[in-house]
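# Summary of the model geometry
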Protein chains: 2
Amino acid sequence: MLKDDNAAAPSPLDVNDATVARWQAIAAQLRADILAGRVAPGERLPNETALAERFGVNRHTLRQAVQALVREGHLNVRQGCGTFVRELVLDYALRRRTRLSENLARTGETAGRELLSHAVLPAGEWADALKLPARAKVVVLETRSSVRGRRVGLSTAAFPCPRLADIAAPVARHGSITRALAELGVADYTRSRSVVSTRLPTQAEADALARPMSQPVLVVQYVNVDRAGVPVETGSTLFAADAVQLVVEPDALA
Amino acid sequence: MLKDDNAAAPSPLDVNDATVARWQAIAAQLRADILAGRVAPGERLPNETALAERFGVNRHTLRQAVQALVREGHLNVRQGCGTFVRELVLDYALRRRTRLSENLARTGETAGRELLSHAVLPAGEWADALKLPARAKVVVLETRSSVRGRRVGLSTAAFPCPRLADIAAPVARHGSITRALAELGVADYTRSRSVVSTRLPTQAEADALARPMSQPVLVVQYVNVDRAGVPVETGSTLFAADAVQLVVEPDALA
DNA sequence: TTAAATTTGTGCGTATGTATG
DNA sequence: ACATACATACGCACAAATTTA
């Protein structure tokens, strides 16, 4: 094993851990940098020679790490041009049946939904959209959606309380609103309205999305209703604008 | 029931109507004041304590009303700073028939469209959307839309050249794309696709919209097709996000 | 249009460590 | 102990693609 002359490396990962191959450690570090947003999507990495030198390995070794990340979908390599952090542009279709998982399935991606917090609160600002009396109760969930390990969405969703009081658990279990609603008897639901705006995120929001505060987010405020037209969910989702764009097309005739 | 000591209020709504929550009645009155221009856009409201006293309610009740208006986009609240009337909120509906003028007519506003520049260029980046060969020609118009004297939108639109080569003049004359197209034989057209994203504007764009560079804009890339499904226009519109929000609802069944 | 510079892709040879039989 | 096979790693050289001047 070579002497470590690369002790100043900023990553917490040890590039010279003997239990894994060096190219694997390098891949892990580059992957962590990408997922944490330390290198921006679309950004070009230093060339292979420079990267190999920085990690203190031969260019072949570095290339193995890069190839692994290409296979994982994190990097794009163009001969003669450079190595780029792959842009993650999800086309999020706003239509009657708006589902995160369906939107991603179309692109061959898989989504994860993480429950950050839940609480029971007075309907307050959500009462109108849910057609509830102002002092009814709602369950409010904060969730974060990730694709390919990248945080892409941050949602605050409110559900009417007597009917869907127990939604937090199934959401946490399935990582899916659709499946959680199905478990509580809402077999199907449709998007009745979406309102799109944009603004700069707060510090907390930027942190939660692993994005800089200077990058604007898309804000989608929405209402979902069941087959009978009764509101079952309202809320707003913040989308990282470098990862998601919204697509609006006329619904296919059913 | 409290005696109404606020009889001078111009609103027709009774703040003490028992059929709705008090905060809803207060929200309705504030909304009416804003829509009627009795409080100017950008103006700061009295602080919450003063407002609560004026309506004869607890500050918590008043805050519910304010929150509702924030959610509707009529107010902006900045902690430690005050509550402000939002500059202008246009609900711009994205649907099959997407027309600037129709969108504004719904809100009682009237739009103006200003032709900033026009040129004949190779189809290039617009070729795909217009289904043209790459070296066909297109007419590219830069236009600016204003409402109530406020600049709200900045568009770059491309039209296929043999068919719509002379579109610049009627656009300048009518201040309307719809009427210009009609004059050239395109009696009707529909929006086949809209893609929504956001970013910070360039200096030139910010200047053209009379907005600071720090305020993000909504970017809508679109394709319009005639009744036969042939593309007649593609382009992108930048909306000042403090003035416009996009609304997506299922099209009414025709 | 051409040419130079930059960057990734590929091939060869060599060497080391590990698992297998 | 030895031979074999495989994965890993280093060094050099040149080919191919792309960008830039």
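Before reading further, recall that the structure is shown in the block above.
Read on for a plain summary of the structure. Since the structure is predicted, the reported quantities are computational estimates derived from the model, not experimental observations. (Residues numbered from 1 in each chain as written. Chains lettered and ligands numbered in written order. Predicted model: local features only at pLDDT ≥ 70, side-chain atom pairs only at ≥ 80, totals over all residues. Heavy atoms only, no water.)

### Looking at the sheet that holds strand E10 (residues 244-248) of chain B
Read from one edge to the other, the open sheet built from 8 strands follows the order E4(A)-E5(A)-E6(A)-E9(A)-E8(A)-E7(A)-E10(B)-E3(B), with strand pairing classed as mixed. Across the chains shown, the open sheet's two edge strands, defined by having one partner strand only, are strand E4 (111-122) of chain A together with strand E3 (90-93) of chain B. Sheet twist, expressed as the average angle between the axes of neighbouring strands with direction ignored, equals 20°. (Pairing = 2+ DSSP bridges. Helix = DSSP H or I, 4+ residues; strand = E, 2+ residues; numbered from the N terminus. Axes fitted to C-alpha atoms, helices over the stretch in contact; angles between N-to-C directions.)

### A short note on the protein's contact with DNA strand C
Residue and element names in this part refer to chain A. Neighbouring residues of DNA strand C: Arg44, Asn47, Glu48, Arg59, His60, Arg63, Val77, Arg78, Gln79, Gly80, Gly82 and Thr83. One nitrogen or oxygen atom from the side chain of asparagine 47 is found 3.1 Å from a phosphate oxygen belonging to DNA strand C. Elements that contribute at least two residues to the surface near DNA strand C include exactly helix H3 (59-72), strand E1 (75-78) and strand E2 (82-85). In terms of residues, the surface near DNA strand C owes the most to one element, H3, which gives 3 residues. Of the residues that constitute the surface near DNA strand C, the class distribution is 1 nonpolar, 6 polar and 5 charged. (Near = heavy atom within 4 Å. Polar contact = N/O pair within 3.5 Å; in protein donor to acceptor, adjacent residues only side chain to side chain. Nonpolar A, V, L, I, M, F, W, Y, C, P; charged D, E, K, R; others polar.)

### Observations regarding the packing of helix H2 (residues 48-55) of chain A against H3(A)
All names here are of chain A. Where H2 meets H3, the closest approach of the two axes is 9 Å, and the angle between their N-to-C directions is 100°. Overall, the two elements H2 and H3 adopt an arrangement that is roughly perpendicular. Across the interface between the two elements, Glu48, Thr49, Leu51, Ala52 and Phe55 from H2 touch Arg59, Leu62 and Arg63 from H3. Considering only residue class, the contact of H2 with H3 consists of 4 nonpolar, 1 polar and 3 charged. (Parallel < 35°, antiparallel > 145°, perpendicular 65-115°, else oblique. Contact = heavy atoms within 4.5 Å.)

### Thoughts on the interface of chain A and chain B
Every contact between the two is made by 31 residues of chain A and, on the other side, 29 residues of chain B. The interface formed by chain A and chain B includes 2 salt bridges. Residue A:Asp91 is joined to B:Arg193 by a salt bridge in which the shortest nitrogen-to-oxygen separation is 3.8 Å. Linking chain A with chain B are 6 residue pairs in polar contact (both at pLDDT 80 or more). Mapped by element, the contributors of at least two residues to the side of chain A that touches chain B are helix H5 (127-130), strand E7 (189-199), strand E8 (217-226) and strand E10 (244-248) of chain A. Of the residues forming the side of chain A that touches chain B, the biggest block, 9 residues, is contributed by E7(A). For the side of chain A that touches chain B, the class distribution of residues is 14 nonpolar, 9 polar and 8 charged. Note that E7(A) and E10(B) share 3 bridges and pair antiparallel. Each residue of the ladder has a partner; that of A:Val195, found in E10(B), is B:Val247. (Salt bridge = Lys/Arg side-chain N within 4 Å of Asp/Glu carboxyl O.)

### Description of the packing of aromatic side chains
When we look at a pair of aromatic rings, we describe it by the centre distance and by the angle of the planes. Residues and elements named next belong to chain A. Scanning all chains against the criterion turns up 1 aromatic pair over all chains. An angle of 50° between the planes, with centres 4.8 Å apart, marks the rings of tyrosine 92 and phenylalanine 239 as tilted. Residue tyrosine 92 is located in strand E3 (residues 90-93), and its partner phenylalanine 239 is located in strand E9 (residues 231-240); the two are separated by 147 residues in the primary sequence. In this structure phenylalanine 239 comes out as buried when scored by relative accessible area, which is 6%. (Phe/Tyr/Trp six-rings, centres within 6.5 Å; stacked < 30°, edge-to-face > 60°. Buried < 20%, exposed > 50% of the residue type's maximum accessible area, 1.4 Å probe, protein only.)

### What to know about the nonpolar core
One broad rule of soluble globular proteins: the nonpolar side chains tend to lie buried together. A:Val196, A:Leu246, B:Val196 and B:Leu246 are the most contacted members of the largest nonpolar core, which totals 29 residues. Among the secondary structure elements, those contributing two or more residues to this core are E3, E8, E9 and E10 of chain A together with E3, strand E8 (217-226), strand E9 (231-240) and E10 of chain B. Among all residues touching B:Leu246, those that are not within four sequence positions of it are A:Ser194, A:Val195, A:Val196, B:Tyr92, B:Leu94, B:Val196, B:Leu218, B:Val220 and B:Phe239. Counting 19 residues, the second largest nonpolar core, distinct from the first, contains B:Val39, B:Leu45, B:Phe55 and B:Leu69. (Core = buried A, V, L, I, M, F, W, Y, C linked by side-chain atoms within 4.5 Å.)

### Section: the protein's contact with DNA strand D
Residues and elements named next belong to chain A. Residues in contact with DNA strand D amount to 14 residues; listed here are only the nearest, Arg22, Trp23, Asn58, His60 and Thr61. When atoms of DNA strand D within 4 Å of the protein are sorted by moiety, sugar and phosphate together comprise 68%. Interatomic distance of 2.4 Å between a backbone N/O atom of arginine 22 and a phosphate oxygen of DNA strand D. At 3.0 Å, a side-chain N or O of glutamine 79 approaches a base nitrogen of DNA strand D. For the surface near DNA strand D, the elements supplying multiple residues, two or more each, are helix H1 (22-35) and H3. Counting residues per element, the surface near DNA strand D draws most heavily on H3, which supplies 4 residues. Looking at the surface near DNA strand D residue by residue, the class counts come to 4 nonpolar, 7 polar and 3 charged.

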